[in-house]
Amino acid sequence: MSRAKSVTSGPYAPPAPRQELTVTSADGARLYAEIHGPKDAPAVVLAHGWTCSTAFWAPVVRDLADDHKVIVYDQRGHGRSPAAGPGGYSTGALADDLVAVLEATLEPGERAVVGGHSMGGMTIMAAADRPQLRARAAAALLCSTGSAELAAESRVFPLRSPAGRRRAHRLMLRSRAPLGPVSPVAKWALKYATMGAGATAEQIQACARIVHACPPGVRSRWGKVLAGLELTGGLARLEMPTAVVSGTADRLTPIVHARRLASVLPDCRGVTELPGRGHMTPIEEPDAVSGRLRALVRDHLATPAEQTDGTAPRGKRQKKEKAA
């Protein structure tokens, strides 16, 4: 099945990167990555979700890249990253891929704010114990994601029976059925499952083109991983300052997940609930997502020069000066 192309014009079209590169993960998997924005600006690294690609971050990248170094990459099997072998689908592989991207794209001693949407947020949780993440990440954003019980909590199929609801969502996650062309019916289904009632036609089109580009086999293999997800332990060990964003109309990872994340995180810096927004918050409400990333950079990330000379991050320095 050929992969559909993302939209080519408007705010949801992927901007041209400053640099493209191939990152090799621990098991030899090759990952497509892009770098946007000034080389010496504060760094933000973004991991997309299930069935998406670097194109999903387009409006957030556009907002940040004027004054941030923004790094995005395609999760294995998505976008321009080749599919892995049969044993290459696990939360451990997601963690390996993230730390490989951090090591390949950041300068020696450079740190970043890391952000993940949906499966990208789960990637950050899976990497919580990795020394490379602790060394490289100054803060994190978990956007429209959860750590466990995805099939039980999802509301795509609003069945009364908890067992029936869990079974239906597991079947959906594991399905290998091709999504077919981006038709009006397909866009209606995508909007219902993943977006809020206020999503615009332009936003729905952008999301549909991205999601329909994911090969069915890749979608199914990662869906099986998500169906059995249990990352609460990793979440509890994510000790860096972490903010959470969620749409109140999210059917895939309902708001209960965001509140649970906040209760488990060791250093939660608040939950931003976006009224009426669904699962695709970086496209539905890109200003809110980029705003939270900017705040984390401002409060917790030193400039590259400060990182090199060991000076404290600006937010911490300001607090010390005020206390003095």
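Keep in mind that what you see is a predicted model, and the values were worked out from it rather than measured. (Residues numbered from 1 in each chain as written. Predicted model: local features only at pLDDT ≥ 70, side-chain atom pairs only at ≥ 80, totals over all residues. Heavy atoms only, no water.)

## Examining the sheet that holds strand β2 (residues 30-36)
Stated precisely, the cut-off is as follows: In this description, strands pair whenever DSSP reports at least two bridges between them. Helix and strand labels come from DSSP, where a helix needs a run of H or I of at least four residues and a strand needs a run of E of at least two; each type is numbered from the N terminus. Angles shown run from 0 to 180 degrees and are taken between the N-to-C directions of axes, each axis being a line fitted to C-alpha atoms and, for helices, limited to the stretch in contact. Between two residues, a contact is recorded if the distance between any of their heavy atoms is within 4.5 Å.
Taken together, the eight strands give an open sheet; going across it, the order is β1-β2-β4-β3-β5-β6-β7-β8, and neighbouring strands pair in mixed fashion. Two strands in the sheet have a free side with no partner beyond their single neighbour: β1 (19-24) and β8 (268-274). Direction aside, the axes of adjacent strands within the sheet are offset by 20° on average. Two strands pair when backbone bridges link them, and strand β7 (residues 242-247) and β8 are joined in this way by five bridges, in the parallel orientation. Its bridge partner being in β8, Val 244 is matched across the sheet by Val 271. This element, helix α2 (residues 91-105), spans β1, β2, β3 (43-47), β4 (69-73) and β5 (112-117) of the sheet and lies at about 130° to β1. Sheet contacts for helix α13 (residues 286-300): β3, β5, β6 (137-143), β7 and β8; angle to β6, the most-contacted strand, approximately 160°.

## Details of the state of the cysteines
Put simply, the test is: Note on terminology: pairs of cysteine sulfur atoms within 2.5 Å are recorded as disulfides.
Tallying each qualifying case throughout the model produces zero disulfides. Between Cys 207, a cysteine without a disulfide, and Cys 52, which holds the nearest cysteine sulfur, the sulfur-to-sulfur distance is 6.9 Å. In this structure Cys 214 is a free cysteine whose sulfur lies 8.4 Å from that of Cys 52, the closest cysteine sulfur available.

## Thoughts on helix α8 (residues 201-212)
Threshold: Under the convention used throughout, the expected extent of a helix is 1.5 Å for every residue step, that is, one less than its residue count.
Compared with the 16 Å implied by 1.5 Å per residue over 12 residues, the 16 Å span of α8 between its first and last C-alpha is a close match. In this structure, the buried residues of α8 make contact with α7 (184-194) and α12 (281-284).

## Description of the pairing of β7
Filter applied, for reference: Each residue is assigned to one of three classes by its accessible area relative to the maximum for its type, calculated with a 1.4 Å probe on protein chains only: buried under 20%, partly exposed between the two thresholds, exposed over 50%. With its strands directed away from the observer, a crossover is right-handed exactly when the path from the first strand over the helix to the second travels clockwise.
Most of β7 sits out of view: six of its six residues are buried. Taken together, the four bridges between β6 and β7 define a ladder with parallel strand orientation. Residue pairing for β7: Cys 143 is matched across the bridge by Val 245. With helix α11 (residues 255-264) bridging β7 and the parallel β8, this β-α-β connection has right-handed handedness.

## Some words on the pattern of salt bridges
The condition that has to hold: Any carboxyl oxygen of Asp or Glu that lies within 4 Å of a side-chain nitrogen of Lys or Arg is treated as forming a salt bridge with it.
Inspection of the entire model under this criterion finds 16 salt bridges. In this structure, the salt-bridge partner of Arg 134 is Asp 129, at a minimum N-O distance of 3.4 Å.

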